[in-house]
Amino acid sequence: MSAPIVTSLDELRRATQAWRRAGQRVGVVPTMGALHDGHLSLVRAAKAECDRVIVTLFVNPRQFNSAEDYDKYPRTELADAELLGPLGIDALFVPDGAQVYPPGHATTVSVSGITDTLEGAHRPGHFDGVATVVTMLFNMTQADRAYFGEKDWQQLQLVRRLVADLKLPVEIVGCPTVRADDGLAMSSRNQRLSVTARQQARALPEALLAAAAAIGSGANVDDVLTQTRETLAQNGIGPVEYIELRDSESLRPPRPCHPRRLLVAAWLDGVRLIDNVEVPPAN
Ligand code: PAF
């Protein structure tokens, strides 16, 4: 049995109001569809902690940097509903573009600082699109908890900042990145890799983990990052947009005694891949 699809905001609101009146905890998993095991792990976490679970599916035009990327984004709504069927969610909310951005829509939510760097620097406007749609999805679903994957680490930190700054009554839960057997982080964009490129892609998480281990054991960061770029190039991965060691929370340069994260964005076979790993504390 497929998950129940709800397309109307009024219908969703009637359901969530009844759940909330009954004192039930509502969880939401925001997605753009083309669901994979990474999404399903978020849904399982939500199911384990909430009485009701909504998955949202909206391919948000305002967070894409090119019309081509938006057009190419996989759209598999019915397959997504099938995949979610056995998980027993309460609603797959699929609003149409006119409900999310009706004519005259003029409000943008913009989080500064954390969005100036890494993804934000390479994808101008992307995080404004994310922050705006996520705020609307929280308001539309009235969820108590929202589940996001750590694969989009900077997005997760942005959402935490947004919720704290705007005092939104939703608790953000970050869930670990789900990886394929060869280590590649699950992503809807992986479907676009050719068979050969998909085999090459394993070099990205391998190089990232090796770099994190080297930095953790005290190697010179610049040397490690230069070496990692070379390793990626030797494996046919590139250009590398960035590979950076950052403070885990602020995404600024690392501070002594604060958690650190190594983040990368690189191209392979015309597909932009991102990944990140925790870096062990320096000895
Ligand atoms: O991570 C995603 O899939 C999207 O950025 C999100 C959070 C659903 C907003 O469109």
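Details of the structure are given in the entry above.
Residues numbered from 1 in each chain as written. Predicted model: local features only at pLDDT ≥ 70, side-chain atom pairs only at ≥ 80, totals over all residues. Heavy atoms only, no water.

Engineer: For this particular structure, what's the right way to read the pattern of salt bridges?
Structural biologist: Two side chains of opposite charge can pair, provided their charged atoms sit close to one another. The final tally for this structure, using the stated rule, is 16 salt bridges. Residue Arg261 pairs with Glu150 through a salt bridge whose shortest N-O separation is 3.9 Å. Linking Arg261 in strand 8 (residues 260-268) with Glu150 in the loop between strand 5 (145-149) and helix 8 (153-165), this pair joins segments that are 111 residues apart in sequence. The buried category is assigned to Arg261, whose relative accessible area is 8%. Close ionic contact of Arg198 with Asp182 constitutes a salt bridge, the shortest N to O distance being 2.8 Å. (Salt bridge = Lys/Arg side-chain N within 4 Å of Asp/Glu carboxyl O. Helix = DSSP H or I, 4+ residues; strand = E, 2+ residues; numbered from the N terminus. Buried < 20%, exposed > 50% of the residue type's maximum accessible area, 1.4 Å probe, protein only.)

Engineer: Whenever I open this one, the site of the ligand confuses me. Can you help?
Structural biologist: Taken together, Pro30, Thr31, Met32, Gln63, Val133, Phe148 and Gln155 form the complete shell of residues around the ligand. In this structure, Gln63 approaches the ligand through a side-chain N or O atom, which is 2.6 Å from an oxygen atom. Contact between the ligand and Gln155: an oxygen atom at 2.7 Å from a side-chain N or O atom of the residue. Here the ligand, which alone exposes 290 Å², has 89% of that area covered by the protein. Along the lines of polarity and charge, the residues of the shell around the ligand split into four nonpolar, three polar and no charged. (Near = heavy atom within 4 Å. Polar contact = N/O pair within 3.5 Å; in protein donor to acceptor, adjacent residues only side chain to side chain. Areas by Shrake-Rupley, 256 points an atom, 1.4 Å probe, with all protein chains shown as cover. Nonpolar A, V, L, I, M, F, W, Y, C, P; charged D, E, K, R; others polar.)

Engineer: What exactly am I supposed to notice about the sheet that holds strand 8 here?
Structural biologist: Strands in a sheet are paired, the pairing made by backbone hydrogen bonds, and the direction either parallel or antiparallel. Read across the sheet, three strands follow the order 7-8-9 without closing on themselves; strand pairing throughout is antiparallel. Among the strands making up the open sheet, the edge pair consists of strand 7 (240-247) and strand 9 (271-279). Neighbour to neighbour, the strand axes of the sheet diverge by 10 degrees on average, direction disregarded. Two strands pair when backbone bridges link them, and strand 7 and strand 8 are joined in this way by seven bridges, in the antiparallel orientation. Residue pairing for strand 8: Tyr242 is matched across the bridge by Ala265. Contacting strand 7, strand 8 and strand 9, helix 10 (residues 203-216) crosses the sheet at an angle of about 30 degrees to strand 9. (Pairing = 2+ DSSP bridges. Axes fitted to C-alpha atoms, helices over the stretch in contact; angles between N-to-C directions. Contact = heavy atoms within 4.5 Å.)

Engineer: What should I look at first to understand the nonpolar core in this one?
Structural biologist: Side chains that are nonpolar tend, in soluble globular proteins, to be buried together. Of all hydrophobic cores here, the largest spans 42 residues; its most connected members are Val134, Phe138, Phe148, Leu158, Val159 and Ile172. Breaking this core down by element, the ones donating at least two residues are helix 1 (9-21), strand 2 (26-31), strand 4 (91-93), helix 7 (126-141), strand 5, helix 8 and strand 8. The leading source of residues in this core is helix 7, at nine residues. Residues in contact with Phe138, not counting those within four places in the same chain, are Val28, Ala143, Ala146, Phe148, Val159, Val163, Leu168, Val170 and Ile172. Listed in part, the 26 residues of the second largest apolar core include Leu193, Ala203, Ala211 and Val264. (Core = buried A, V, L, I, M, F, W, Y, C linked by side-chain atoms within 4.5 Å.)

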